[in-house]
Amino acid sequence: MCDSRNLQKYHPKNIAKRILINKFLSTIENISNSLQGVSKVLDIGCGEAMVMRRLHKIRNDWQIDGLDISPESLQVAKSILPDNNFFQASATDTKLKDKEYDLIISLEVLEHIESPQKALVEYSRLTKKYCLISVPLEPFFTWGNLLTGSNIKLWGKDPEHVNFWGKRGITKLVTQYFDIIEVRISFPWTIILAIKK
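Everything quoted here is computed from the prediction, not taken from an experiment.

> Can you help me understand the overall build of the protein in this one?
Helices and strands together make up the secondary structure of the protein, namely 7 helices and 7 strands. When the helices and strands of the protein are placed in sequence order, the string is α-α-β-α-β-α-β-β-α-β-α-α-β-β. Compactness check: the protein gives a C-alpha radius of gyration of 16 Å against a globular reference of 16 Å for 197 residues, within 12% of the reference. When contacts within the protein are restricted to residue pairs at least 6 apart in sequence, long-range pairs at least 24 apart make up 66% of them. For the protein, the exposed surface amounts to about 9900 Å²; the carbon and sulfur share of it is 54%. Between the centroid of the 27 positive side chains of the protein and the centroid of its 22 negative side chains there is a distance of 4 Å.

Structure below.
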């Protein structure tokens, strides 16, 4: 099985991190379960389909497709959910049809992208209705890394992150492309549910 950082994130050895990630995933499930009129979903940056698998348990009426840039992660995802559709592509250029989905999910993706604006334009193009986004809540995410002994040489900053937002910053960015329905903090992440303008 692929030993990616994404898999390590969803299965941390540290008990405190495990509690936080489970709370985060429960919040995503709670928000997803409250949505009406959703049948087709795209998980952008699906990795090894950890979130998709959890959502299948609560929303088995949804068709959930996955998209990721990593062929190794997608291979694992396909082995976990062989009946789902998976696409290898960038979040900024998916090559999928306009308004193909009722809900776009993009968890822990935008902080990795040089131009998150391009990704948000793509998300808006793909969705008919909703977009569910999460990013690390800064500076708390970085401080948490320091406190748990992660990324010490980088003062806690994740080496794969190129963007760093507080709640206000990511909300301001997303509002340029979507109308915000709600913003939640599942420490140390900001989660935004938005609807197409």
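> Can you help me understand the sheet that holds strand S2 (residues 63–68) in this one?
The strand order across the open sheet formed by 7 strands is S3-S2-S1-S4-S5-S7-S6, and the pairing between neighbours is mixed. In this open sheet, the two edge strands, each paired with only one partner strand, are strand S3 (86–88) and strand S6 (178–186). Averaged over neighbouring strand pairs, the angle between their axes works out to 15° when direction is ignored. Pairing of S6 with strand S7 (residues 189–196), which is carried by 8 bridges, proceeds in the antiparallel orientation. From the neighbouring strand, Ser 186 faces S7, where its bridge partner is Trp 189. Contacts from helix H3 (residues 50–58) reach strand S1 (40–44), S2, S3 and strand S4 (101–107), with the element oriented near 175° to S2. Across the sheet, helix H7 (residues 167–175) is in contact with strand S5 (127–136), S6 and S7; its angle to S6 comes to roughly 160°.

Conventions and cut-offs
- Residues numbered from 1 in each chain as written.
- Predicted model: local features only at pLDDT ≥ 70, side-chain atom pairs only at ≥ 80, totals over all residues.
- Heavy atoms only, no water.
- Helix = DSSP H or I, 4+ residues; strand = E, 2+ residues; numbered from the N terminus.
- Rg over C-alpha atoms; globule rule 2.2 N^0.38 Å.
- Contact = heavy atoms within 4.5 Å.
- Areas by Shrake-Rupley, 256 points an atom, 1.4 Å probe, with all protein chains shown as cover.
- Lys, Arg positive; Asp, Glu negative; His and termini not counted.
- Charge placed at Lys NZ, Arg CZ, Asp CG, Glu CD.
- Pairing = 2+ DSSP bridges.
- Axes fitted to C-alpha atoms, helices over the stretch in contact; angles between N-to-C directions.

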